[in-house]
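# Structural features, examined
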Amino acid sequence: ALVLVLFIGKRLYGARRWIDLYFFHFQPSETMKLSIILFLGAYLSRRKLENFGFKDLLKPLLIVGVPFLLTVRQPDLGTGILLLAIPGSMILFLRVRTRVLMSVALILAVSLPVAWSYGLKSYQKNRVLNFLNPERDPRGTGYNSIQAKIAIGSGQLLGRGFQQGSQNQLEFLPERHSDFIFCVLSEEYGFIGGFFTLALFLVLLLIILHIAQASGDRGAILICVGVTAFIFWHMIINIGMVSGLLPIVGVPLPLLSYGGTSLVTFMGSLGIVASIGRRRYMF
């Protein structure tokens, strides 16, 4: 599906990310996140690998690398980063040798200037520059970041009330139904509403980790860790980007952002975790 979308995918905002199934717009990169969790969890549980070295990382890197390159080709760098962060969290859970971590850090330090000069497109560079200084182009590439922070700040402590936010109702806020949904919530319900939402996410993550701890199956534990990373990184990146702490990328907020494929993927991952939690009472 990731290969197919490059040829027949629906083009929107300069990228091909969706396959038009007439009754549903399917985004393969979203379901690939859960697929990698399941596939990598099965592989790591069978190999009984711990304290990874360079040779041990070759096959997991291949499992993750191909979907990553196909997703970045769309282009969708935000989702591509998540396709690395989620399995990376699973591997770190099993521990990685110190020299491997140091080597990866050195490679990143050397490759970042090269990626900036030759790898990133102009609009991706603008996102980084606007993150550092949104006022450099307030009516153009910095508009989204400025309006998002205005919406969050205008909610103050208790918010303006349901459907009373000016940034949302007057349509100053872009993509308010999907990537910037947290801004709408913060404007209408204020700091209290935003804090309560974060607390609910924390409770959900703790429940998943508790299910992982109670499970005696290595594969099930790895899947739960993967789903935890799945939800955690989406939450951190989405809330970080709308509050000005991270560059803006197209990452949905779990269970709140509008989007068919992403919602199905999140619900499917939670369904698998619920199944793992239920199985421990069978015997």
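Let me sum up the structure you'll find in this document. (Residues numbered from 1 in each chain as written. Predicted model: local features only at pLDDT ≥ 70, side-chain atom pairs only at ≥ 80, totals over all residues. Heavy atoms only, no water.)

### With respect to the overall build of the protein
In terms of helices and strands, the protein carries 11 helices and 3 strands. Taken from the N to the C terminus, the helices and strands of the protein come in the order α-β-β-β-α-α-α-α-α-α-α-α-α-α. Here the protein has a C-alpha radius of gyration of 20 Å; the compact-globule value for 283 residues is 19 Å, and the two agree. Over its C-alpha atoms, taken along the principal directions, the protein stretches across nearly 55 × 50 × 45 Å. (Helix = DSSP H or I, 4+ residues; strand = E, 2+ residues; numbered from the N terminus. Rg over C-alpha atoms; globule rule 2.2 N^0.38 Å.)

### A few points about unusual backbone geometry
Omega for the peptide link from Gln-74 to Pro-75 comes to 0°, which places this bond in the cis form. With respect to the secondary-structure elements, Pro-75 resides in the loop between helix H3 (58-72) and helix H4 (77-93). At Gln-156, a position not held by glycine, the phi torsion is positive, near 50°.

### A look at the packing of H4 against helix H10 (residues 218-242)
With their axes 9 Å apart at the nearest point, H4 and H10 run at an angle of 135° to one another. Accordingly, the angle class assigned to the pair H4 and H10 is oblique. As H4 packs across H10, the resulting crossing turns out to be right-handed. Contacts between H4 and H10 involve Leu-82, Ala-85, Ile-86, Ser-89, Met-90 and Phe-93 from the former and Ile-221, Leu-222, Val-225, Gly-226, Ala-229, Phe-230, Trp-233, His-234 and Ile-237 from the latter. (Axes fitted to C-alpha atoms, helices over the stretch in contact; angles between N-to-C directions. Parallel < 35°, antiparallel > 145°, perpendicular 65-115°, else oblique. Left-handed = near helix turned anticlockwise from the far one by under 90°. Contact = heavy atoms within 4.5 Å.)

### A few points about the layout of surface pockets
Space inside the largest pocket adds up to approximately 1,900 Å³. Considering the residues around the largest pocket, the lining is formed by 48 residues, among which Phe-68, Ile-81, Leu-84, Ala-85 and Leu-108 are closest to the centre. Counting residues per element, the ones that place at least two in the lining of the largest pocket are H3, H4, helix H5 (98-119), helix H6 (122-132) and H10. The residue makeup of the lining of the largest pocket, split by class, is 36 nonpolar, 8 polar and 4 charged. (1 Å grid on protein atoms, 1.4 Å probe; cavity = no way out; pocket = protein on both sides within 12 Å on 5 of 7 lines; lining within 4 Å. Points joined across faces, edges and corners; volume = space filled by probe spheres on them. Nonpolar A, V, L, I, M, F, W, Y, C, P; charged D, E, K, R; others polar.)

### A word on the pairing of strand E2 (residues 15-20)
Alignment of strand E1 (residues 10-12) against E2, held across 3 bridges, turns out to be antiparallel. Within E2, the residue paired with Arg-11 across the bridge is Arg-16. For E2 and strand E3 (residues 25-26), the ladder comprises 2 bridges, and the chain directions are antiparallel. Bridging across to E3, Asp-20 finds its partner in His-25. (Pairing = 2+ DSSP bridges.)

### Here we look at the sheet that holds E2
Ordered in space as E1-E2-E3, the 3 strands form an open sheet in which the pairing is antiparallel. Edge strands, defined here as strands with exactly one partner in the open sheet, are E1 and E3.

### Some thoughts on the packing of helix H2 (residues 28-47) against H4
Contact pair H2 / H4: the axes reach a minimum separation of 10 Å and the direction vectors enclose 20°. By the angle class used here, H2 and H4 are roughly parallel. Of the two possible hands of crossing, H2 and H4 adopt the one that is right-handed. Every residue of H4 that contacts H2 at Ser-29, Glu-30, Met-32, Lys-33, Ile-36, Ile-37, Leu-40, Gly-41 and Leu-44 is listed here: Thr-79, Leu-82, Leu-83, Ile-86, Pro-87, Met-90 and Ile-91.

### Side note on the packing of aromatic side chains
Counted under the stated rule, the structure contains 3 aromatic pairs. Seen in terms of ring centroids, Phe-191 and Phe-195 are 6.1 Å apart; in terms of plane orientation they differ by 25°. Their pairing is stacked. Residue Phe-191 and its partner Phe-195 are located together in helix H9 (residues 181-214), separated by 4 residues, close to a single helical turn. For Phe-195, a relative accessible area of 53% corresponds to the exposed category. Aromatic side chains Phe-232 and Trp-233 sit 5.2 Å apart centroid to centroid with 70° between the ring planes, which places their arrangement in the edge-to-face category. Phe-232 sits in the partly exposed class, given a relative accessible area of 32%. (Phe/Tyr/Trp six-rings, centres within 6.5 Å; stacked < 30°, edge-to-face > 60°. Buried < 20%, exposed > 50% of the residue type's maximum accessible area, 1.4 Å probe, protein only.)

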